[in-house]
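For reference, the chains in residue letters:
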Amino acid sequence: DGGITQSPKYLFRKEGQNVTLSCEQNLNHDAMYWYRQDPGQGLRLIYYSQIVNDFQKGDIAEGYSVSREKKESFPLTVTSAQKNPTAFYLCASSSWTGGSYEQYFGPGTRLTVT
Amino acid sequence: GESVGLHLPTLSVQEGDNSIINCAYSNSASDYFIWYKQESGKGPQFIIDIRSNMDKRQGQRVTVLLNKTVKHLSLQIAATQPGDSAVYFCAENDGSGYSTLTFGKGTMLLVSP
């Protein structure tokens, strides 16, 4: 059963703590992405990676970090430097073959920081 | 910067009606567009996509229209059902060679039985 998994679904942290969100895909996709979604808002790109061991900042990378050591995995760390970390985080992947840029999304992780 | 936007934040329709969700884009270099459906608390799901060398594409109960002259995209849903209630996003690829998408803010579609 192919797809993208994100864990956990809900995550609670105290302010000042770093937290890492997991994203795994078994679709054999080269590219992976992290988005942040706030209530009533669209998706904003945090980081993306088009190939293993390489990643680029998106529009709102400050306070976040990523790694891409394996093709299947793209974990996101929300650091204590992120001023407003409470949000819904979505991971996606794509293969951009056949002229399609379709991204496949995971179920999301809702992070609450108090 | 240039971004994708939507005209209507909320659209309320009756079951069986046809729905039209609109999207304006400003980047004339964008050459690929995609519509996603997002149900509450879930990740977005692909609906349909279209490349800039087309002006219309049809799927099951859905049609996407692209007007490059006025930089406008629309999603038409035929015979709307309560299960179609969700937030709909349009997104574009800017033709730069990178695989990233820029998303609009979304339109909430509410379907009454």
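Residues numbered from 1 in each chain as written. Chains lettered and ligands numbered in written order. Predicted model: local features only at pLDDT ≥ 70, side-chain atom pairs only at ≥ 80, totals over all residues. Heavy atoms only, no water.

Engineer: Sorry if this is basic, but what is going on with the overall build of chain A here?
Structural biologist: Within chain A, the regular secondary structure consists of 0 helices and 11 strands. The secondary structure elements of chain A, listed N-terminal to C-terminal, are β-β-β-β-β-β-β-β-β-β-β. Radius of gyration (C-alpha) of chain A: 13 Å, near the 13 Å computed for a compact globule of 114 residues. C-alpha extents for chain A along the principal axes are approximately 45 × 25 × 25 Å. Within chain A, the fraction of its 114 residues that count as buried is 46%. In chain A, of all internal contacts separated by at least 6 residues, the share reaching a separation of at least 24 is 52%. Total accessible area on chain A stands at roughly 5,700 Å², and carbon and sulfur atoms take up 47% of it. Here chain A contributes 11 positively and 11 negatively charged side chains, and the mean placements of these two sets differ by 7 Å. (Helix = DSSP H or I, 4+ residues; strand = E, 2+ residues; numbered from the N terminus. Rg over C-alpha atoms; globule rule 2.2 N^0.38 Å. Buried < 20%, exposed > 50% of the residue type's maximum accessible area, 1.4 Å probe, protein only. Contact = heavy atoms within 4.5 Å. Areas by Shrake-Rupley, 256 points an atom, 1.4 Å probe, with all protein chains shown as cover. Lys, Arg positive; Asp, Glu negative; His and termini not counted. Charge placed at Lys NZ, Arg CZ, Asp CG, Glu CD.)

Engineer: Looking at this model, I keep getting lost on the sheet that holds strand β3 (residues 19-25) of chain A. Mind explaining?
Structural biologist: Through backbone hydrogen bonds, the strands of a sheet pair up, either in parallel or in antiparallel fashion. Residue and element names in this part refer to chain A. Strand order in the open sheet formed by 4 strands is β1-β3-β8-β7, and the pairing between neighbours is antiparallel. Each of the sheet's edge strands pairs with one partner strand only, and the pair in question is β1 (4-7) and β7 (64-66). Shown here is a sheet whose adjacent strand axes are inclined to one another by a mean of 20°, direction ignored. Of the strand pairs in this sheet, β7 and strand β8 (residues 76-78) are connected by 3 bridges, and their pairing is antiparallel. (Pairing = 2+ DSSP bridges. Axes fitted to C-alpha atoms, helices over the stretch in contact; angles between N-to-C directions.)

Engineer: Hey, could you run me through the nonpolar core in this one?
Structural biologist: Taken as a class, soluble globular proteins show a tendency for nonpolar side chains to be buried jointly. Core analysis: the largest hydrophobic core is formed by 20 residues, its most contacted members being I21(B), W35(B), L73(B), L75(B), Y88(B) and L109(B). Mapped by element, the contributors of at least two residues to this core are β2 (10-14), β3 (19-25), β4 (32-38), β5 (45-51), β7 (62-67), β8 (72-77), β9 (86-93) and β11 (107-112) of chain B. (Core = buried A, V, L, I, M, F, W, Y, C linked by side-chain atoms within 4.5 Å.)

Engineer: Quick question: what am I supposed to make of the confidence of the model for chain A here?
Structural biologist: Parts of the prediction with low pLDDT should not have their coordinates interpreted in detail. Confidence along chain A averages 93 in pLDDT terms, with 96% of residues attaining 70 or more. Within chain A, the lowest mean pLDDT, 94, falls on strand β2 (residues 10-13) of chain A, and the highest, 98, falls on β7(A). (pLDDT = per-residue confidence, 0-100.)

Engineer: Just checking my understanding: could you explain unusual backbone geometry for this structure?
Structural biologist: Most peptide bonds take the trans form, and the phi angle of most residues other than glycine is negative. All names here are of chain A. The omega torsion of the bond from S7 to P8 falls at -10°, within 30 degrees of zero and hence cis. Mapped onto the secondary structure, P8 falls in the loop between β1 and β2. Located in the positive-phi region is N53, a residue other than glycine, with phi close to 65°. Turning to its location among the elements, N53 is positioned in the loop between β5 (43-51) and β6 (54-57). Given a relative accessible area of 62%, N53 falls into the exposed group.

Engineer: What's the story with the interface of chain A and chain B in this structure? I'm lost.
Structural biologist: How big an interface is tends to be reported as the loss of accessible area on association of its parts. With 25 residues of chain A at the interface, the matching set in chain B holds 20 residues. There are 0 salt bridges connecting chain A and chain B. Where chain A packs against chain B, one counts 9 residue pairs in polar contact (both at pLDDT 80 or more). Of all the secondary structure elements, the ones that give two or more residues to the side of chain A that touches chain B are β4 (31-37), β5 and β9 (87-94) of chain A. In terms of residue class, the side of chain A that touches chain B is made up of 12 nonpolar, 10 polar and 3 charged. (Salt bridge = Lys/Arg side-chain N within 4 Å of Asp/Glu carboxyl O. Polar contact = N/O pair within 3.5 Å; in protein donor to acceptor, adjacent residues only side chain to side chain. Nonpolar A, V, L, I, M, F, W, Y, C, P; charged D, E, K, R; others polar.)

Engineer: What exactly am I supposed to notice about the state of the cysteines here?
Structural biologist: Simply put, the disulfide is a covalent bond whose two ends are the sulfur atoms of two cysteines. The full count for this structure, using the stated rule, is 2 disulfides over all chains. The side chain of C23(A) participates in a disulfide bridge whose partner is C91(A); the two sulfur atoms lie 1.8 Å from each other. The sign of the -75° torsion about the S-S bond sets the C23(A)-C91(A) disulfide as left-handed. Remark: C91(A) occurs in strand β9 and C23(A) occurs in strand β3; sequence separation between them is 68 residues. Judged by relative accessible area, which is 1%, C23(A) ranks as buried. Disulfide pairing is shown between C23(B) and C90(B); the S-S distance is 1.8 Å. When the S-S torsion is 55°, as for the bridge of C23(B) with C90(B), the disulfide is right-handed. Of this pair, C23(B) sits in strand β3 while C90(B) sits in strand β9; the two residues are 67 residues apart in sequence, bridging distant segments of the chain. Each member of the pair, C23(B) together with C90(B), is buried. (Disulfide = S-S within 2.5 Å.)

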